[in-house]
Amino acid sequence: MKQYIHLEADARAAGTPLKHYWSECVGAGRACEGLRAGWQEQLRLVAGACGFRYLRFHGLFHDDMFVYREVNGQAVYNFQYVDDLFDRMLEIGVRPFVEFGFCPSDLATEKGTVFWWKANGSPPMDYGKWAELIERTVRHWVDRYGIEEVRQWYFEVWNEPNLKFFFTGTRSQYFELYKVTVRAVKSVDARLRVGGPATSNFVPDARFDGELEDTSCQNETYAASDIDALHWKPVWVEAFLAYCAAEKLPVDFVSAHPYPTDWALDEHGSGRRLAREVGATPRDLTALKDIVTRSAYPEAKIHITEWSTSPSSRDFTHDTLHAATYVAKAILDSVGLVDSLSYWTFTDIFEELGAGDEPFHGGFGMINFQGIPKPVFNVYRFLNALGDVCLARQDGCIVTRNAATGAVSALAYHYPMELMKRAPGSFRAFPRGTSEAAVAHCGEIEIQMRLTGLSPGTHVCVETMDATHGNSVTAWLEMGAPNSPIREQILKLKVTGAALHQEKFQVGSDGEFEMKRYLPPCAVMLLRIAPANLPANEF
């Protein structure tokens, strides 16, 4: 069945506000990786091209950052490494979305519970010492950066404490940890923003209803004839908000990690690892928003501090055009539901499972280890080019205006109906190329766009990403998939990853612009119309 997108918009229309919630925050692996030159170069690139304002990562208190140790039973603090990292982030223009975790070895009840770098995912043995660590750290930041700067940060308590690898304690122990932590932060300044529970994932069964995870409950999900007909719910959020209300604790924001799958990370469980239906993300965010609205904290912000097509750092689909187009669809389908949706992650300089075994190994990053942009990078650059006023929108297309400059921009994508039943995550369940082969058999879509109310003669630029433009992983495969590409090959792949199909036009004398195109499967198109009187060489 042939698909169509027909959209008309008046550039002078009042429109509705469009918040760039997708670029509020982005993720990275761990703090220590941020001390590398390549990591910092890539952060500067994505901040400039994609507009990211905050950055979140694990490992702030891991031993390789040297923040805390004990000598003869006395705490010794060293903030030099954290200072260097935060200084460089702020210089780039990206603020910390602080994740407090994991435990320094001298405070951990268990050591080396998760990841190649052996994070200590356990409750602190002494909550009083933990509170002092939090208070001293936050006071140090206030002294270094000033209270007005630090008030613009976010402070999240731990990461995914419902998973035993990340937190070997019980749900009640995490709630106690939140209480101790939020009080310590607020003792420095009551206006600092603290939240949680940062849990993963959404589930349709009772596996997380008790103090500890009960994996046997997953059998109910596997036995279902249609997992998408089940009621998927965020983990611990309702219980967390009820606990905080009972203890009269502040909750400035609620955080969660709704990956569109039934599993939470590579090491988690031994289940079937199912991908959910393509609309899982907006469906989950709607459910989360409803829970927060009905809670004792209806004004709390909602920050999705991790999200991607799947929670595996070895999922080939992360590198593909298919996944990038899914990201465009999920983001535009979820407008207005949450305050941020943090893509996990901006870079493949990421070592939860150690180094990737090849340049395109299915890592989370929108840029690979060598600095080569993947298709999802282009999607976020396109999204950043949208304005802050929505003029018209339908499934597959949005037209916007920049309120400050008057520039009009539109984004259209073709996520084929043949692929729309499932999110693209595969956990390497299928060989490389499976996604590309499926896309190749899908039909194209007709797009017609008519824009009126424009300034006559202004410049128009249309960029398209498809299977042969901006698709670096396919170009790498065509090179023979070199495991250690030489410098010339890396440079060529960087150029290829950013080389989109471009067309230039001008608005007619009647102030109208019409365009008809046929988008191939999983193509994404950005149309930009310059502000009035902007020279062509500046657009």
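Everything numeric here is computed off the predicted structure, so don't read it as measured data.

Conventions and cut-offs
- Residues numbered from 1 in each chain as written.
- Predicted model: local features only at pLDDT ≥ 70, side-chain atom pairs only at ≥ 80, totals over all residues.
- Heavy atoms only, no water.
- Helix = DSSP H or I, 4+ residues; strand = E, 2+ residues; numbered from the N terminus.
- Contact = heavy atoms within 4.5 Å.
- Areas by Shrake-Rupley, 256 points an atom, 1.4 Å probe, with all protein chains shown as cover.
- Lys, Arg positive; Asp, Glu negative; His and termini not counted.
- Charge placed at Lys NZ, Arg CZ, Asp CG, Glu CD.
- Axes fitted to C-alpha atoms, helices over the stretch in contact; angles between N-to-C directions.
- Parallel < 35°, antiparallel > 145°, perpendicular 65-115°, else oblique.
- Left-handed = near helix turned anticlockwise from the far one by under 90°.
- Nonpolar A, V, L, I, M, F, W, Y, C, P; charged D, E, K, R; others polar.
- Pairing = 2+ DSSP bridges.
- Core = buried A, V, L, I, M, F, W, Y, C linked by side-chain atoms within 4.5 Å.
- Buried < 20%, exposed > 50% of the residue type's maximum accessible area, 1.4 Å probe, protein only.
- Salt bridge = Lys/Arg side-chain N within 4 Å of Asp/Glu carboxyl O.
- Phe/Tyr/Trp six-rings, centres within 6.5 Å; stacked < 30°, edge-to-face > 60°.
- Polar contact = N/O pair within 3.5 Å; in protein donor to acceptor, adjacent residues only side chain to side chain.

A. Region of interest: the overall build of the chain. The helix and strand inventory of the chain stands at 13 helices and 22 strands. Dimensions of the chain, computed from the C-alpha atoms along their principal axes, are close to 75 × 55 × 50 Å. The long-range fraction of contacts in the chain, counting pairs at least 24 apart against all pairs at least 6 apart in sequence, stands at 79%. Summing over all exposed atoms, the chain offers an accessible surface of approximately 20,200 Å²; the carbon and sulfur share of this is 50%. Taken together, the 53 basic and 68 acidic charged side chains of the chain have centroids lying 2 Å from each other.

B. Spotlight on the packing of helix H7 (residues 237-246) against helix H8 (residues 280-294). The N-to-C vectors of H7 and H8 enclose an angle of 15°; their axes lie 10 Å apart at closest approach. Regarding the angle of H7 to H8, the classification is roughly parallel. Once H7 is placed against H8, the crossing between them reads as right-handed. Residues Val237, Glu238 and Leu241 of H7 lie in contact with H8, whose contacting residues are Leu288, Ile291, Val292 and Arg294. When its residues are assigned to classes, the contact of H7 with H8 shows five nonpolar, no polar and two charged.

C. Seen up close, the pairing of strand S5 (residues 68-71). Bridge analysis of S5 against strand S6 (residues 74-77) gives four bridges, and the strand direction is antiparallel. Bridging across to S6, Tyr68 finds its partner in Tyr77. In textbook terms, the turn of a hairpin is the stretch between consecutive antiparallel strands, and for S5 and S6 this stretch comprises two residues, one of which, Asn72, has a positive phi near 55°.

D. Just the nonpolar core, in detail. Core analysis: the biggest nonpolar cluster contains 130 residues, and Phe86, Phe100, Trp130, Trp141, Phe155, Met366 and Tyr380 have the highest contact counts within it. Take this core: its biggest share by element is nine residues, from helix H5 (residues 171-188). Beyond its immediate sequence surroundings of up to four residues, Phe86 is in contact with Phe57, Leu60, Pro96, Val98, Trp141, Tyr145 and Trp153.

E. How the structure looks around the sheet that holds strand S2 (residues 16-17). One open sheet holds the seven strands; their spatial order is S2-S15-S16-S17-S22-S19-S20, and the pairing between them is antiparallel. At either margin of the open sheet sits one strand with a lone partner, and together these are S2 and strand S20 (501-506). Sheet topology places S2 next to strand S15 (residues 389-394); two bridges connect them, and they run antiparallel. Counterpart to Pro17 in the pairing with S15 is Val389. Those strands touched by helix H10 (residues 375-384) are strand S17 (408-413), strand S19 (459-465) and strand S22 (524-529), and its axis lies near 155° from that of S19.

F. Here's a closer look at the packing of helix H1 (residues 37-50) against helix H2 (residues 80-92). Running from amino to carboxyl end, H1 crosses H2 at an angle of 30°, the nearest separation of the two axes being 10 Å. Considered as vectors, H1 and H2 are oriented roughly parallel to each other. H2 is crossed by H1, and the crossing has right-handed handedness. Mapping the contact onto sequence places Trp39, Gln40, Leu43, Arg44 and Ala47 in H1 and Leu85, Arg88, Met89, Glu91 and Ile92 in H2. Among the residues forming the contact of H1 with H2, the class breakdown is six nonpolar, one polar and three charged.

G. Local environment of the pattern of salt bridges. Applying the stated criterion across every chain, the model contains 37 salt bridges. The salt bridge involving Arg30 is made with Glu351; its shortest N-O contact spans 2.9 Å. One end of the pair, Arg30, is in strand S3 (residues 25-30); the other, Glu351, is in the loop between strand S14 (340-343) and H10, and 321 residues separate them in sequence.

H. Region of the structure containing the sheet that holds strand S21 (residues 513-519). Across the sheet, which stays open at both edges, the three strands sit in the order S1-S18-S21 with mixed pairing between neighbours. For this open sheet the edge positions go to strand S1 (3-10) and S21, each flanked by a neighbour on one side alone. On average, adjacent strands in this sheet sit at an angle of 10° to one another, irrespective of strand direction. Here S1 pairs with strand S18 (residues 445-452) via eight bridges, running parallel. Residue Glu8 lies in a different strand from S18, and its bridge partner there is Arg450.

I. Representation of the packing of aromatic side chains. Here the structure, examined in full by the defined rule, presents 43 aromatic pairs. Aromatic pair Phe61 and Phe100: ring centres 6.1 Å apart, planes at 15°, arrangement stacked. Taken together, the positions of Phe61 in the loop between strand S4 (54-58) and S5 and Phe100 in strand S7 (residues 95-100) put the pair 39 residues apart, joining distant regions of the chain. When sorted by exposure, Phe61 lands in the same class as Phe100, which is buried. Judged by centre distance (5.3 Å) and plane angle (50°), the rings of Phe360 and Trp476 are tilted.

J. View of unusual backbone geometry. Following Gly101, the chain continues into Phe102 via a peptide bond in cis, with omega recorded as -15°. The residue Phe102 is located in the loop between S7 and helix H3 (127-145) in this model. Backbone torsion omega between Trp344 and Thr345 reads 10°, so that peptide bond is classified as cis. Summarising the element assignment, Thr345 is placed in the loop between S14 and H10. Positive phi outside glycine occurs at Cys522, with the angle close to 65°. One can find Cys522 in the loop between S21 and S22.

K. The environment of Phe175, seen in detail. By the secondary structure assignment, Phe175 is in helix H5. For the pair Phe175 and Val157, spaced 18 residues apart in sequence, the C-alpha to C-alpha distance is 9.8 Å. In contact with Phe175, other than residues within four places in its own chain, are Trp236, Ala239, Phe240 and Tyr243.

L. Examining the side chain of Asp348 more closely. Mapped onto the elements of the fold, Asp348 is located in the loop between S14 and H10. A polar contact is formed between the side chain of Asp348 and the backbone nitrogen of Gly365, at a distance of 2.7 Å. In contact with Asp348, other than residues within four places in its own chain, are Pro359, His361, Gly363, Phe364, Gly365, Ile367, Asn368, Phe369 and Lys374.

M. Structural detail: H10. A large share of H10 lies buried, amounting to eight of its ten residues. Taken residue by residue, H10 has Pro375, Val376, Phe377, Asn378, Val379, Tyr380, Phe382 and Leu383 as its buried positions.

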